[in-house]
Amino acid sequence: LINGCDAMKKEVDLIVTNAKVYTVDDFFSVKNTFAVKDGQFEAVGDESLLEKFNAKRVLDLKGKPVYPGFIDPHSDVGHADPRVEIEMGSQSWNPNLRAHLSAANEYNIEDDGADELRSQGFTTALSVPPLGIFRGSTSVVSLSDGPVSERLVKSDVAQAVNIDRSWDFGFTYPTSSIGVIALIRQTLYDAGWHKRAHEIYQANPAGLERPEMNQVLAALSGVIEGDQPIIFETDSDEEILRALRLRDEFDIPIWIRGNGHEYKLLDVLSDENVPYILPLTYPDKPDVDSPEDALDEDFAELRHYYLAPENPSRLSASGVLYSITAD
């Protein structure tokens, strides 16, 4: 009879007991036992799981905590030594336009930075190409060991765009903030033209000159169609407003990689349905050791130093959707 009852139990690889298990669904309701099968959680609960499952192994964690793995939504993992030069072909005239590159294809597992993130509790990251203005498409990767083909979770999640000047390719256009905005706008308008021109030609090519093929513009067709968002990387509150204006002008989905100044725009951001990715890098402590030193400090910088740590809390209180990055 006992053997018959055991045969009815579900087989699992591992049951872990005496743990402090925090789950995503109910983070504040701590469990103490969980079962694992084929590398995934089969069940989370209490010691009664020992009676419900047959386990190949039982492990006592002796009170140690088990947390959900963190996901970094904006990381340069896999791009420690990105290639600057790219082969010539049907690409853009400007080296800052690299939208045709994919993080999945550019990912280098040599010293990719996964160990450092993993040691801090991260299991997954959005890999973002780091060079240029239109930097390429991002990919979700697992931070486990192994080849990229086994670690790739999802490719071409979003296009990455830096809304500030880039000196990655030397003193080349654009060299000013207004030039960056002009290049971004022109590229998006060109991508829209490129998509429409090829659709018209493919529908009825007779009598029409075949339009030029440009890999960068073709890679942005998903953005133009509204199927793929752009992650705008910003360095100031002014750049956040520029990103929102670009969204309105081109009617495209966007995410914003923030900069810690979002609390200054709560009256605007609370009305926008835009997700934000917040870094936790705070400003350096100002030099106010003496009254003379304090007089040399800008009041706006002093105020930002005081309020910057409250940025996520203030966004949360205003209903703004955000996630946290270690970037």
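Residues numbered from 1 in each chain as written. Predicted model: local features only at pLDDT ≥ 70, side-chain atom pairs only at ≥ 80, totals over all residues. Heavy atoms only, no water.

Visitor: A description of the side chain of Ser236 should follow, citing residues and the corresponding values.
Guide: Looking at the secondary structure, you find Ser236 in the loop between β15 (230–233) and α9 (237–250). In this structure Ser236 comes out as buried when scored by relative accessible area, which is 17%. One polar contact links Ser236 to Glu238, side chain to side chain, over a distance of 3.2 Å. (Helix = DSSP H or I, 4+ residues; strand = E, 2+ residues; numbered from the N terminus. Buried < 20%, exposed > 50% of the residue type's maximum accessible area, 1.4 Å probe, protein only. Polar contact = N/O pair within 3.5 Å; in protein donor to acceptor, adjacent residues only side chain to side chain.)

Visitor: Account for the sheet that holds strand β4 (residues 33–37), with residues named and values stated.
Guide: Taken in spatial order, the four strands of this open sheet run β5-β4-β2-β7, and their pairing is mixed. Strands with a single pairing partner mark the edges of an open sheet, and in this sheet they are β5 (40–45) and β7 (58–60). Going across the sheet, the axis of each strand differs from the next one's by a mean of 20 degrees, ignoring polarity. By the bridge criterion, three bridges tie strand β2 (residues 14–17) to β4 in an arrangement that is antiparallel. By the bridge assignment, Leu14 is partnered in β4 with Val36. (Pairing = 2+ DSSP bridges. Axes fitted to C-alpha atoms, helices over the stretch in contact; angles between N-to-C directions.)

Visitor: Any details on the packing of helix α6 (residues 177–203) against α9? Residues and values, ideally.
Guide: At a minimum axis separation of 12 Å, α6 and α9 run at an interaxial angle of 25 degrees. What the angle tells us is that α6 and α9 run roughly parallel. In this structure, α6 crosses over α9, and the sense of that crossing is right-handed. In this structure, α6 contributes Ser177, Ile181, Ile184, Arg185, Leu188 and Tyr189 to the contact, and α9 contributes Arg242, Leu246, Glu249 and Phe250. When its residues are assigned to classes, the contact of α6 with α9 shows six nonpolar, one polar and three charged. (Parallel < 35°, antiparallel > 145°, perpendicular 65-115°, else oblique. Left-handed = near helix turned anticlockwise from the far one by under 90°. Contact = heavy atoms within 4.5 Å. Nonpolar A, V, L, I, M, F, W, Y, C, P; charged D, E, K, R; others polar.)

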